[in-house]
Amino acid sequence: MHHEKVHKREGAVKTLVTGGTGFTGNALSLRLRAMGHEVVALDTKPGIFADELRAAGVRIEIGSVADKSLVDRLSRGCHRIYHLAAAFRQVNLGKRAYHDINVNGTRWVFEAAERHGVERHRAAIDGDDQVRAFALQAHQRFAGRAVSLHQPVGDIGAGGEP
C-alpha cells in the first residue's frame, strides 16, 4: 500500500528545480509557475532564459548541487524537488567534477529531500553505473513517498503530473 506524506500548507507549493535555468529546467520552471508554484531554480549560471524566468516570478539561485550546504538550505521548506542538474558533455571538465556534480550532487539532493520531508521528489538520472546505483538506493529509502527517477532509457517510479 502506498502512503504519501501529507503536508498541510497555505499558499503556493514551494518547489526547487536543480538545473533550473537550462533548456529542460527552464520549461519545467515556467510550467510550474503557471500552475501557481513558488519556484526556485538552482543552476551554475543564469542561462539564456534568465530574463524570462525572472519575469515569470522564478527565483534564480546561482550555485552548484555539489555544494551540500546550499542544497540543504534551498531544500528547507520545499514541498517538491525536481533534480535536473547534471554535468553532461561539458568540454574541459575533469572526472572529479563530473563525480562531484552527478554523484555527490544527486546524493545531497536526495539527502536534503529526505531530511526536510519533501513530499515529492523527481530526479533525471543520467550517468555511470555508480550514479544509477546510488539513485536506486535512494529511491528505495523514499518508499512511501512520491519519488520518480527518470532515465533516458526509462523511468523508475510513479509517473503522472509534474
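For the structure itself, consult the block above.
It should be emphasised that the depicted structure is a prediction, and the values quoted were computed from it without experimental measurement. (Residues numbered from 1 in each chain as written. Predicted model: local features only at pLDDT ≥ 70, side-chain atom pairs only at ≥ 80, totals over all residues. Heavy atoms only, no water.)

Novice: Mind laying out the pairing of strand 4 (residues 80–83), listing which residues take part and the relevant values?
Specialist: By the alternation rule, side chains of strand 4 split into R80 and Y82 and I81 and H83, which are all buried. The sheet contact formed by strand 1 (residues 14–18) and strand 4 spans 4 bridges and is parallel. Residue pairing across strands places T18 opposite H83, the latter belonging to strand 4. (Buried < 20%, exposed > 50% of the residue type's maximum accessible area, 1.4 Å probe, protein only. Helix = DSSP H or I, 4+ residues; strand = E, 2+ residues; numbered from the N terminus. Pairing = 2+ DSSP bridges.)

Novice: With reference to specific residues and values, describe the nonpolar core.
Specialist: Judged by nonpolar contacts, the single largest core of 17 residues is most densely connected at L16, L42, V65, V71, L74 and I81. Those elements that provide at least two residues to this core are strand 2 (38–43), helix 3 (68–75) and helix 4 (95–115). Looking at this core element by element, the count peaks at 5 residues for helix 4. Once residues within four sequence positions are removed from consideration, L16 is found in contact with V40, L42, L74, S75, C78, R80, I81 and Y82. Listed in part, the 12 residues of the second largest apolar core include L28, V39, V58 and I60. (Core = buried A, V, L, I, M, F, W, Y, C linked by side-chain atoms within 4.5 Å. Contact = heavy atoms within 4.5 Å.)

Novice: Please give an account of the packing of helix 3 against helix 4 that cites residues and values.
Specialist: With their axes 9 Å apart at the nearest point, helix 3 and helix 4 run at an angle of 35° to one another. Read as a crossing pair, helix 3 and helix 4 show a hand that is right-handed. Taking contact as the criterion, the partners of K68, V71, D72 and S75 in helix 3 are, on helix 4, W108, V109, E111, A112 and R115. (Axes fitted to C-alpha atoms, helices over the stretch in contact; angles between N-to-C directions. Left-handed = near helix turned anticlockwise from the far one by under 90°.)

Novice: Describe helix 1 (residues 23–34), naming the residues involved and giving the relevant values.
Specialist: In an α-helix, one turn spans 3.6 residues, which is why side chains three or four residues apart end up on the same side. Look at helix 1: 17 Å from first C-alpha to last across 12 residues, which is about the 16 Å you get at 1.5 Å a residue. Every buried residue of helix 1 is listed here: G25, N26, L28, S29, L30 and L32. Summarising the contacts, the buried residues of helix 1 are in contact with strand 1, strand 2, helix 2 (50–55) and strand 4. Looking one or two residues beyond helix 1, the residue adopting positive phi is G36, at roughly 95°. (Expected span 1.5 Å × (residues − 1).)

Novice: Break down the pattern of salt bridges for me, citing the residues and quoting the values.
Specialist: Under the criterion given, the structure shown has 5 salt bridges. Close ionic contact of R115 with D72 constitutes a salt bridge, the shortest N to O distance being 2.8 Å. One end of the pair, R115, is in helix 4; the other, D72, is in helix 3, and 43 residues separate them in sequence. For R96, the salt bridge is made with D100, and the minimal N-O distance between the two is 3.1 Å. With R96 and D100 both in helix 4 and 4 residues apart, this pair spans about one turn of that helix. Salt bridges sharing partners connect three or more residues here, namely R59, E61 and R73. (Salt bridge = Lys/Arg side-chain N within 4 Å of Asp/Glu carboxyl O.)

Novice: Before we move on, can you summarise the environment of R80 with the specific residues and values?
Specialist: Its place among the elements puts R80 in strand 4. The class of R80 is buried, set by a relative accessible area of 8%. Residues R80 and E119 lie 39 residues apart in sequence; the distance between their C-alpha atoms is 6.0 Å.

Novice: Account for the side chain of H37, with residues named and values stated.
Specialist: Inspection of the secondary structure puts H37 in the loop between helix 1 and strand 2. Judged by its relative accessible area of 4%, H37 falls in the buried class.

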